[in-house]
Amino acid sequence: MAQITFDSVSKTYEGGYAAVRDLDLDIKDGEFMVLVGPSGCGKSTALRMIAGLEEITGGELRINGRIANGLAPRDRDIAMVFQSYALYPHLTVAQNIGFGLRTRQVDRATIDRKVRETAELLELTEYLGRKPAKLSGGQRQRVAMGRALVRSPNAFLMDEPLSNLDARLRGQMRSEIAKLQRMTAVTTIYVTHDQVEAMTMGDRVAVMNRGTIQQLDTPRALYDRPKNLFVASFIGSPPMNFLRGTVEAAEGPAVRLGDTLLRLDPRHAGLGQGRPVILGIRPEAMRVGGDSGGLSATAAFVEDLGATLLLHLENAELDIVPPNVAEDDVDLNVVRPRLRAVTEGTARIARDEVVRLAVAPEAIHVFDPASGEAL
């Protein structure tokens, strides 16, 4: 097993582009660590530096306490699972799984035993004689994992391994990978831009943007206590609502949003009168059918998701800030910002209906507009 440490690690390419900036990260032995963020945030570069596929231009990378900056990839005892599976089409499943052992000149009996054990663990025994073209996407992904697992490496590196699968298979494979990691207790670093994968799989999650870690914490802590606007907007689906307002502290902490006054939790009692702030409210924290003390908005569009309704709401008096989401989130609210609220699927809400929304004070996040940091 492996403990992997980034100590002020940087990667700067020719021309001065800094893909990773002074990265400090301590990955514990046996931990499932997820690196998540939008494209270009540096997460895959960090993973490739662990594997030895990218040269480190600053700082130290240590594997089990040993400086690994200059180690060749084959000397790191680390297995990588790629997005493309990278299976040999002319080899059978058994031959693909055992390929790495054969290149290391392991004896035939040991290879056969380890391949059988790995295939049983991954439920691939009946497919050992097949070639990749005869397998489904999920089966190919398990073969790619088996090829890494059979080596009993110090660590697994997974670079967006599920992005080529459909939504149903992604959900299934998420649980399979998490279960496999718990069974083997192998240190695993998993890269994804999908925050759902990050939240459901990782022991801890590092949210990255522009080459730096914005916040490192457990999935629940990232959801409940985001440190800044970027993390708040990236973690959670649908993304958090953001509204500009002004603090009014005459009768306890509150924020003025147009004609609406929203009460804040007592933990925000220290905010000064008249201070501009950005409020963050998750769609699922908005209770539809609230009293006169909440927000009101008009339903511009209603998405019926079965168990829930996702409401897209408009209110011209509210200064709504579009969420700073990943570049692949198609969001028409960039043109016309809207509130989002989630309610029960049994509710009957029509387009253009005025909806009242109640928000519990403890569910409201407050951010500084200038720094973006949580207050």
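Visitor: In this structure, what is going on with the overall build of the chain? I would like to understand it.
Guide: Across its full length, the chain holds 8 helices and 21 strands. For the C-alpha atoms alone, the extent of the chain along its principal axes is close to 75 × 45 × 35 Å. Looking at the 375 residues of the chain, the share that counts as buried comes to 50%. Taking as baseline every contact in the chain between residues at least 6 positions apart, the subset at least 24 positions apart corresponds to 69%. For the chain, the exposed area adds up to about 17,500 Å²; of that, 48% sits on carbon and sulfur atoms. The centroid of the 45 positive side-chain charges in the chain is displaced by 6 Å from the centroid of its 48 negative side-chain charges.

Visitor: What exactly am I supposed to notice about the pairing of strand 6 (residues 78-81) here?
Guide: Working note: regular strand, side chains alternate between the two faces of the sheet. Residues of strand 6 alternate between two faces, with Ile78 and Met80 on one and Ala79 and Val81 on the opposite face, all of them buried. In terms of strand pairing, strand 6 meets strand 7 (residues 155-159) through 4 bridges, oriented parallel. Pairing of Val81 across the sheet is with Met158, part of strand 7.

Visitor: How do you make sense of the pattern of salt bridges when you look at a structure like this?
Guide: Pairing of side chains with opposite charge becomes possible as their charged atoms draw close. Overall, the coordinates contain 14 salt bridges when judged by the stated rule. Salt-bridge contacts for Arg48 lead to Glu54; the nearest nitrogen and oxygen are separated by 3.6 Å. The salt bridge involving Arg244 is made with Asp319; its shortest N-O contact spans 3.9 Å. Highlighted residues: Arg244 in strand 11 (residues 241-248) and Asp319 in strand 18 (residues 319-321), separated in sequence by 75 residues. On the basis of relative accessibility, which here comes to 40%, the residue Arg244 falls in the partly exposed class. By relative accessible area, Asp319 is classed as partly exposed at 39%. It is possible to trace a salt-bridge network through shared partners that takes in Asp7, Glu60 and Arg62.

Visitor: What should I look at first to understand the packing of helix 2 (residues 93-103) against helix 4 (residues 137-149) in this one?
Guide: The description of two packed helices rests on the angle between their axes and on the distance between the axes. Close contact between helix 2 and helix 4 brings their axes to 7 Å; oriented N to C, the two are set at 35 degrees. In terms of crossing hand, the pair formed by helix 2 and helix 4 is right-handed. Of helix 4, the residues touching helix 2 (which contributes Val93, Asn96 and Ile97) are Val143, Gly146 and Arg147.

Visitor: Hey, could you run me through the pairing of strand 3 (residues 32-36) in this one?
Guide: Burial runs high along strand 3: 5 of the 5 residues are buried. Here strand 3 shows no split at all, with Phe32, Val34 and Val36 on one side and Met33 and Leu35 on the other all buried. Both strand 3 and strand 8 (residues 187-192) contribute to a ladder of 5 bridges, which runs parallel. Paired with Val34 across the bridge in strand 8 is Tyr190. With 4 bridges joining them, strand 3 and strand 9 (residues 204-209) adopt parallel strand pairing.

What counts and what doesn't
Residues numbered from 1 in each chain as written. Predicted model: local features only at pLDDT ≥ 70, side-chain atom pairs only at ≥ 80, totals over all residues. Heavy atoms only, no water. Helix = DSSP H or I, 4+ residues; strand = E, 2+ residues; numbered from the N terminus. Buried < 20%, exposed > 50% of the residue type's maximum accessible area, 1.4 Å probe, protein only. Contact = heavy atoms within 4.5 Å. Areas by Shrake-Rupley, 256 points an atom, 1.4 Å probe, with all protein chains shown as cover. Lys, Arg positive; Asp, Glu negative; His and termini not counted. Charge placed at Lys NZ, Arg CZ, Asp CG, Glu CD. Pairing = 2+ DSSP bridges. Salt bridge = Lys/Arg side-chain N within 4 Å of Asp/Glu carboxyl O. Axes fitted to C-alpha atoms, helices over the stretch in contact; angles between N-to-C directions. Left-handed = near helix turned anticlockwise from the far one by under 90°.

Nothing here speaks to function; it is all geometry.
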